[in-house]
Amino acid sequence: MAEFTVTPWEVTGEIDYEELVERFGTSRIDENLINRISKYAEPHFMLRRGIFYSHRDFDRTLSDYEKGKPFYLYTGRGPSGMTHLGHIMPWLFTKWMQDVFDAELYFQITDDEKFLFKDELTLEKAREYAYENILDIIALGFDPKKTHIFLDTEYIHNLYPIALRVAKRITFSTVRAVFGLQNSSNIGKIFYTGMQSAPAFLGSELSGEPINCVVPCGIDQDPHFRVTRDVAPFLGYPKTTMIYCKLLPSLLGGDKMSSSVPESTIYTTDTPKQVKKKIGKAFTGGAVSVEEQRKNGGNPDVCMVYHYLRYIFEPDDEKLKKVYDECMAGERLCGQCKMELTGKINRFLEKHQEKREEAKEMLEDFILRD
Ligand code: TRP
């Protein structure tokens, strides 16, 4: 079995997502659960395609919901740079959850986390990225009445009492083991997980009664939320419900999408030309020559152009299958796929960038302040 690691701060090797479910002890989102969701809406393509593929307690929360107990959503963003498609992917799903379940959403921006964990990042720069990232969140069309975005350093007055109660229940040896900290780690890192737990209880705190909290996010965040769930009953809160996705792979192939390699992903602020260039260089499942591909077909399973369609840009299952089948049969070459994907991304970004501009006037409708 190939070696791989997945932590909130580091992903190395080729991720085996099935094995990760075993390692972390999460549950699979199975047909049964998807059927239950289909009572409320046509299940999102990310559910149908196994992109949001794992959960903790979503079945229980759905049963509560069926009995008339609402839940709220919580997700977050560590502002270490500009927003790229890998960030947008789970946010699109979160927006769908908000619409379908008519849920409040708390969106944490962890400028503190990125300051503590990125050697070269200043607090000022982290805050600058925070506001850039918030524009992208707003541009996705979240409901301003139901969406509450906050920076940790700015909303600390409300978060700190909750983070403290969490922190008192967690030992140093737990944090060291769960997050791999060392004696040389700065002490802010030890406390940080308490800050990421806080919004999981914020909705209950603000309303004065226990409310279920559902967190859609990448499965790499599970170590934090294992801690959150362990302490919840001691603080009188329901255990946090998790719904986990796979990570959007790198355009260059492999699971590592590194911010230090700009060609590995597409930023929401990229120009049409940059997009064309990046997709042009993407790793595909094409054969060594056109003749060979016509004869033997390509391999969509390893193709990043295909995966970007599957993860985000082709919501229609039938159309996606057609691309897959045509590729396998050698009827479709990489150039055509790249051109189609480039067109789809650029149409998305053109609209997104407009909405991102408009969002500058809407910041205060979304930002939660003390
Ligand atoms: N730690 C996350 C990151 O590095 C940010 C974050 C905070 C988050 N709270 C969250 C992500 C809740 C998902 C869900 O990006």
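Reading guide: rules and limits
Residues numbered from 1 in each chain as written. Predicted model: local features only at pLDDT ≥ 70, side-chain atom pairs only at ≥ 80, totals over all residues. Heavy atoms only, no water. Phe/Tyr/Trp six-rings, centres within 6.5 Å; stacked < 30°, edge-to-face > 60°. Helix = DSSP H or I, 4+ residues; strand = E, 2+ residues; numbered from the N terminus. Buried < 20%, exposed > 50% of the residue type's maximum accessible area, 1.4 Å probe, protein only. Lys NZ or Arg CZ within 6 Å of the ring centre and 35° of its normal. Pairing = 2+ DSSP bridges. Right-handed = clockwise from strand over helix to strand, strands pointing away. Core = buried A, V, L, I, M, F, W, Y, C linked by side-chain atoms within 4.5 Å. Domains from an automatic or database assignment. Contact = heavy atoms within 4.5 Å. Axes fitted to C-alpha atoms, helices over the stretch in contact; angles between N-to-C directions. Parallel < 35°, antiparallel > 145°, perpendicular 65-115°, else oblique. Left-handed = near helix turned anticlockwise from the far one by under 90°. Nonpolar A, V, L, I, M, F, W, Y, C, P; charged D, E, K, R; others polar. Buried area = accessible area lost by both parts, 1.4 Å probe. Salt bridge = Lys/Arg side-chain N within 4 Å of Asp/Glu carboxyl O. Polar contact = N/O pair within 3.5 Å; in protein donor to acceptor, adjacent residues only side chain to side chain.

(A) Geometry of the packing of aromatic side chains. Under the criterion given, the structure shown has 21 aromatic pairs. Judged by centre distance (5.1 Å) and plane angle (85°), the ring pair of Tyr65 and Phe101 falls under edge-to-face. Within this pair, whereas Tyr65 is found in helix 4 (residues 58-66), its partner Phe101 is found in helix 5 (residues 85-101), the two being separated by 36 residues in sequence. Residue classification places Phe101 among the buried positions, given a relative accessible area of 3%. Here the aromatic residues Tyr40, Phe58, Tyr65, Phe71 and Phe101 are joined through ring pairs into a cluster of three or more. Its end group placed over the ring of Tyr129, Lys125 keeps NZ or CZ at 5.1 Å from the ring centre. Between Arg226 and the ring centre of Phe24, over which it is positioned, the NZ or CZ distance is 4.9 Å.

(B) Region of interest: the pairing of strand 6 (residues 105-109). Taken across its five residues, strand 6 has five buried, putting it largely inside the fold. Of the two faces of strand 6, the one lined by Leu105, Phe107 and Ile109 and the one lined by Tyr106 and Gln108 are each fully buried. Here five bridges tie strand 5 (residues 71-77) to strand 6, and the two strands are oriented parallel to one another. Residue pairing across strands places Leu73 opposite Leu105, the latter belonging to strand 6. Once the chain exits strand 5 it traverses helix 5 before rejoining the sheet at strand 6, and the crossover so formed is right-handed.

(C) Up close: the nonpolar core. By size, the foremost hydrophobic cluster in this structure holds 64 residues, and its most contacted members are Leu47, Met97 and Ile345. With nine residues, the top contributor of residues to this core is helix 5. Taken domain by domain, the makeup of this core includes at least three residues from each of domain 1 (5-252) and domain 2 (262-358). Here Ile345 is in contact with Leu85, Ile266, Val275, Ile279 and Phe313, once residues within four sequence places are set aside. In terms of nonpolar packing, the next biggest core, distinct from the first, is built from 42 residues, Phe4, Leu20, Phe179 and Val231 among them.

(D) Summary view of the packing of helix 15 (residues 304-313) against helix 16 (residues 317-328). Running from N to C, helix 15 and helix 16 cross one another at 165°; their axes reach a closest spacing of 10 Å. Here helix 15 is positioned roughly antiparallel relative to helix 16, judged by the angle of their axes. When the axes of helix 15 and helix 16 are compared, the crossing they make is left-handed. Contacts between helix 15 and helix 16 involve Tyr306, Leu309 and Arg310 from the first element and Leu320, Val323 and Tyr324 from the second. Grouping the constituent residues of the contact of helix 15 with helix 16 by class yields five nonpolar, no polar and one charged.

(E) Looking closely at the domain arrangement of the protein chain. Along its sequence, the protein chain is carved into domain 1 (5-252) and domain 2 (262-358). Its C-alpha centre places domain 1 at a distance of 29 Å from the equivalent point of domain 2. Between domain 1 and domain 2, the residue contacts involve 25 residues of the former and 30 residues of the latter. Counting the surface domain 1 buries against domain 2, the share from its top three residues, Arg49, Leu85 and Leu251, is 33%. Here Asp317 and Arg49 are joined by a salt bridge, their closest N and O atoms 2.8 Å apart. On inspection of domain 1 and its partner domain 2, the count reaches 15 residue pairs in polar contact (both at pLDDT 80 or more). Of all the secondary-structure elements, those providing two or more residues to the side of domain 1 that touches domain 2 are helix 3 (45-48), helix 5 and helix 7 (123-139). Per-element accounting of the side of domain 1 that touches domain 2 gives the leading share, five residues, to helix 5.

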